[in-house]
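Breakdown of the fold
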Amino acid sequence: MNYSHLFFAKLILALLVTCSTNVTAAPDQVRPLRVVASFSILADLTRNIGGDVVDVAALVGPDADAHVFEPSPADARRLAQADLVIVNGLHFEGWLARLITASGYRGPIVVATTNVNVRRGRGVPDPHAWQDLRNGRIYVENIRAALVNARPAHAASLNERAEAYGAKLVALDQATRARFTAVPASSRRVITLHDAFGYFGAAYGVEFLAPQGWSTDSEASAANVAQLIRQMREQRVRAVFLENISDPRLMLRLVREGGGVIGGTLYSDALSPPGTAADTYLRMFEHNTATIIKAIAPSAATAPRATAGAP
Amino acid sequence: MAARLGGRTAHRRALGGRRVGARIGATVTTSLAQVRNLTVSYRGRPAISALTGSFTTGSLTAVYGPNGAGKSTLLAALAGRLAAANGSIELPAAVRARTAFLPQRAELDRTFPIRVGDVVAMGHWARAGAFGQVNQVQRRATADALHRVGISGLADRLIGEVSVGQLQRALFARVILQDAPLILLDEPFAAVDTTTTADLLGVIRQWHVERRTVVAVLHDVAQVRAHFPQTLLLARKMLAWGATTDVVTAVNLAQLRTMAEGWTLAGDDWREAVAV
Amino acid sequence: MNLHMLLIEPFVEFGFMRRALVACLALAIGCGPVGTLLVIRRMSLVGDAMAHALLPGAAIGFVLGGFSLAAMSVGAFVGGLLVALLAGFVTRVTSQREDASFAAFYLIALAAGVMIVSLRGSSVDLYHLLFGTILAVDDAALILIAMVASLTVLVLALIYRPLILECFDPAFLRDSSGHGALYHLLFLGLVVVNLVAGFQALGTLMAVGLMMLPATAARFWATEIWSLALLASLIALLCGLGGLLISFHGNLPSGPAIVSLAGVVFLVSLVVGPREGLVARWYQTRRTHSLSTR
């Protein structure tokens, strides 16, 4: 009897050992790299570069505002199990440091804005660097380097994908530049609620006016709103754009009083949900460009406008 | 022993008087509030047990007893604020709707921005309804009431600016305006100066002359003896109920004390029950 | 910069300033008396608690209807009243006091509200619920605020006497007529409806500020209820006006500017108010002291 017990024990032990060694001895390179990106745009970039090699999740998803994001325990769990974390940096994610500490994640953190030419607005660095496609290429480079570092076996395919995607960015950048140059400079003035388009404006020659600072958690002052309305009237800025993450009422008020027109929705800090117009970085850019051009180009000048100064 | 019997005899006489009166048909002394085997509980314990008796119309009765005797509870039950656990109080509906009740420590907020005159005028609202117009007649009645209690000049003062005694006078004036057939006063002279007490006793006397039924809880035996023709001695159970001269005797008072020593309950619980 | 440019010009030039001012006027008319009654009934904290209790109702309205004024207002009103009713019921039926049952229910409501919003949308939506902006008052909101102000004045004029009676001596009212609960409920309804109007314009937290601060400040100046209410409304209006101008010339956010100004008025009243202000009391003690030493 004792011997048969011993035999079974050894059998089970052997099974366990083989199973566990199968799991742990399997090359890390086989399973996808678990990447957690801080927000949807970074997630999209990572997916495009990584392909099958990576399994990407975003903390701040589509249509969500990273400035006022409040992490949940599920986010902490996701972070704990991640192999690589990609963040924007430049104080875009104010809540991240605490979340990382809380989750116990100790792996590498890639700051996508490394080596980016940082723009300063109102005295502080502007984090929305991805709004300039040239910066987008720097993002891609940083992400590529990190992925290759984590999965050297796939370096070839990663580099190839990064190259291809980079080429798309270059093409889009040039196309965008061309489209905006075609529009007379005096028309290239628009209004959004949120100062997220500093880089975009600087890169493509569009002036963005906004009644608030670039984070949604500061409230508008009457002076801001008044100044904006004055500008709208004096400089005849007509296109006003809503955003997918803010209160539309203030925008509507500006339109009524400044004599402008709602040009559509722009996507600044987040992609739109999958299956909609701005669900990838490239599509977001194309959508924003198209929407702006449509509103400010001469053909749109004949569109009906609200009377200026309406109460 | 004899005195105790005397008490009971007095009680029977009180009831018998009514029956006799009814039979002879001379003076009709009717019972206004008939209490039958009344038991009122507070937190599961009986505050009053099996109280039976009646308040004749127009009587002026003092309720006297030791602390925790259920005196305030009785008044609250008469006023309709507490429900009986057992037994009943029979009161004509018209009287029940028009009972004036002055609770013990009136929990009035002295910082409330209201004038003495307005507080007194609330007595009108009890009768005319809160939406009734305040007309000349009522204004004069208010002035009269203020005069009767001796605070004519204080109508415009805020209630936070007058003394405790003056406020009590104002509350009495409010009761005057209520024109109630049944008036219940729970320790009306507690913490009030002697002048005010004397003046207010005068008001009570007037009510008695006007044939209103008045029941007052008192803690001063001398006052009871001097001003109240009827007395109910209460120590959770009725000890005696009848004419003061018969009921308030040294023996009965001693008996009250003995009954009180038998309790283990702290006195404060009972006050809280009635402050509702 | 002359006085005209300072005070009048902003309102002449900009429609949004005019609308904001009208909104402040309407809010002041409603919040003044309601806030005063809350203060003298010693229910000052109920205002803030009730503002939080509005949240789940507004959140449900938002989930169902987006930034629709009607949806959020109706939801907030129903939610707020529900909390008031539940708290009142529990107070009556158990031995719990009103403040404890209110605290319990408003906290439940607040947690529920936050949960509903985070399940459905992002926290920025919640933020916009909590902090509206008076600079974006649209026609619908203006009409709502105006209606609420008129309703408040009308109802208060109608039930003034029984309401005061119920505030001052509820036991007396109960003995006389027994409808005390009804008036109490009507009053709470008015509180809720004024807060609902206020939160559309200023956000829930700021709306409470405009309701309570002028009323508490007024106590240092006036004694009668009607004069307290009037003064509270006046202070609220002037703070609205002043706050808007400060926001305009000083480039500060409008809601906080208005309420901060009300706070300043309160502090000043505390010090120099003739009724129980600090200076008045000091002067009083000095006088009695000098009288006694004569």
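Note that the structure is a prediction, hence the values are computed from the model and not measured.

Moving on, we come to the nonpolar core. Counting 254 residues, the largest nonpolar core has Leu184 of chain B together with Leu27 and Leu210 of chain C as its most contacted members. Sequence-distant contacts of Leu27 of chain C, defined by excluding residues within four places in its chain, comprise Ile145, Ala197, Gly198, Ala201, Leu210 and Ala236 of chain C.

Turning to the interface of chain C and chain B, a few remarks are in order. Opposite the 14 residues of chain C that make contact, chain B presents 13 residues. If you list the elements that add at least two residues to the side of chain C that touches chain B, you get α7 (139-168), α8 (170-176) and α11 (225-250) of chain C.

Time to look at helix α5 (residues 136-149) of chain B. Residues and elements named next belong to chain B. Between its terminal C-alpha atoms α5 stretches 20 Å, which fits the 20 Å expected from 14 residues at 1.5 Å a residue. For α5, the set of buried residues is Thr142, Ala145, Leu146 and Val149. When α5 is viewed along its axis, its buried side chains cluster within an angular range of 100° and face the same direction. Those residues of α5 that are exposed and aimed more than 90 degrees away from the buried face are Gln136, Val137, Arg140 and His147. Immediately beyond the C-terminal end of α5, within one or two residues, lies Gly150, with a positive phi of roughly 85°.

Looking now at the confidence of the model for chain C. Summarising the model, chain C shows a mean pLDDT of 85, and 93% of its residues fall at 70 or more. Among the prediction metrics, the complex's ipTM stands at 0.76, with pTM recorded as 0.73.

Right, let's get into unusual backbone geometry. All names here are of chain A. Its identity as a non-glycine residue notwithstanding, Leu90 has a phi of 60°, on the positive side. If you trace the backbone, Leu90 turns up in the loop between β3 (84-87) and α4 (96-103). On the basis of neighbour counts, which here come to 18 C-beta atoms within 10 Å, the residue Leu90 falls in the partly exposed class.

On to the domain arrangement of chain A. All names here are of chain A. Segmentation of chain A into domains returns domain 1 (1-25), domain 2 (33-175) and domain 3 (183-301). The C-alpha-based centres of domain 2 and domain 3 are spaced at 25 Å. Listed per partner, the contact involves 27 residues of domain 2 and 25 residues of domain 3. Elements represented by at least two residues in the side of domain 2 that touches domain 3 include exactly α2 (40-50), α5 (133-150) and α6 (155-181). Tallied by class, the residues present in the side of domain 2 that touches domain 3 amount to 11 nonpolar, seven polar and nine charged.

Take the packing of helix α3 (residues 44-65) of chain C against helix α9 (residues 180-202) of chain C next. Residue and element names in this part refer to chain C. Two elements in contact, α3 and α9, have axes whose closest approach is 10 Å; the angle formed by their N-to-C orientations is 65°. As judged from the angle between their axes, α3 and α9 are roughly perpendicular. The two elements α3 and α9 cross, and the hand of that crossing is right-handed. For the pair α3 and α9, contact is made by Gly47, Met50, Ala51 and Leu54 and by Val191, Val192, Leu195, Val196 and Phe199, respectively. A breakdown of the residues in the contact of α3 with α9 according to their chemical character gives eight nonpolar, one polar and no charged.

What follows concerns the sheet that holds strand β2 (residues 45-56) of chain B. Residues and elements named next belong to chain B. With antiparallel pairing, three strands are arranged side by side in an open sheet as β2-β1-β4. Every other strand in the sheet has two partners, leaving β2 and β4 (86-90) as the edge strands with one partner each. In this sheet, adjacent strand axes meet at a mean angle of 15° when their direction is disregarded. Taken together, the eight bridges between strand β1 (residues 31-42) and β2 define a ladder with antiparallel strand orientation. Considered in β2, the bridge of Ser41 is made with Pro46. Helix α2 (residues 71-79) rests against β1, β2 and β4 of the sheet, and its axis sits at about 120° to β1.

The rules behind each value
Residues numbered from 1 in each chain as written. Chains lettered and ligands numbered in written order. Predicted model: local features only at pLDDT ≥ 70, side-chain atom pairs only at ≥ 80, totals over all residues. Core = buried A, V, L, I, M, F, W, Y, C linked by C-beta atoms within 7 Å. Buried ≥ 20, exposed ≤ 12 C-beta atoms within 10 Å, placed from the backbone. Contact = placed C-beta atoms within 7 Å. Helix = DSSP H or I, 4+ residues; strand = E, 2+ residues; numbered from the N terminus. Expected span 1.5 Å × (residues − 1). Arc of directions from axis to C-beta. pLDDT = per-residue confidence, 0-100. Domains from an automatic or database assignment. Nonpolar A, V, L, I, M, F, W, Y, C, P; charged D, E, K, R; others polar. Axes fitted to C-alpha atoms, helices over the stretch in contact; angles between N-to-C directions. Parallel < 35°, antiparallel > 145°, perpendicular 65-115°, else oblique. Left-handed = near helix turned anticlockwise from the far one by under 90°. Pairing = 2+ DSSP bridges.

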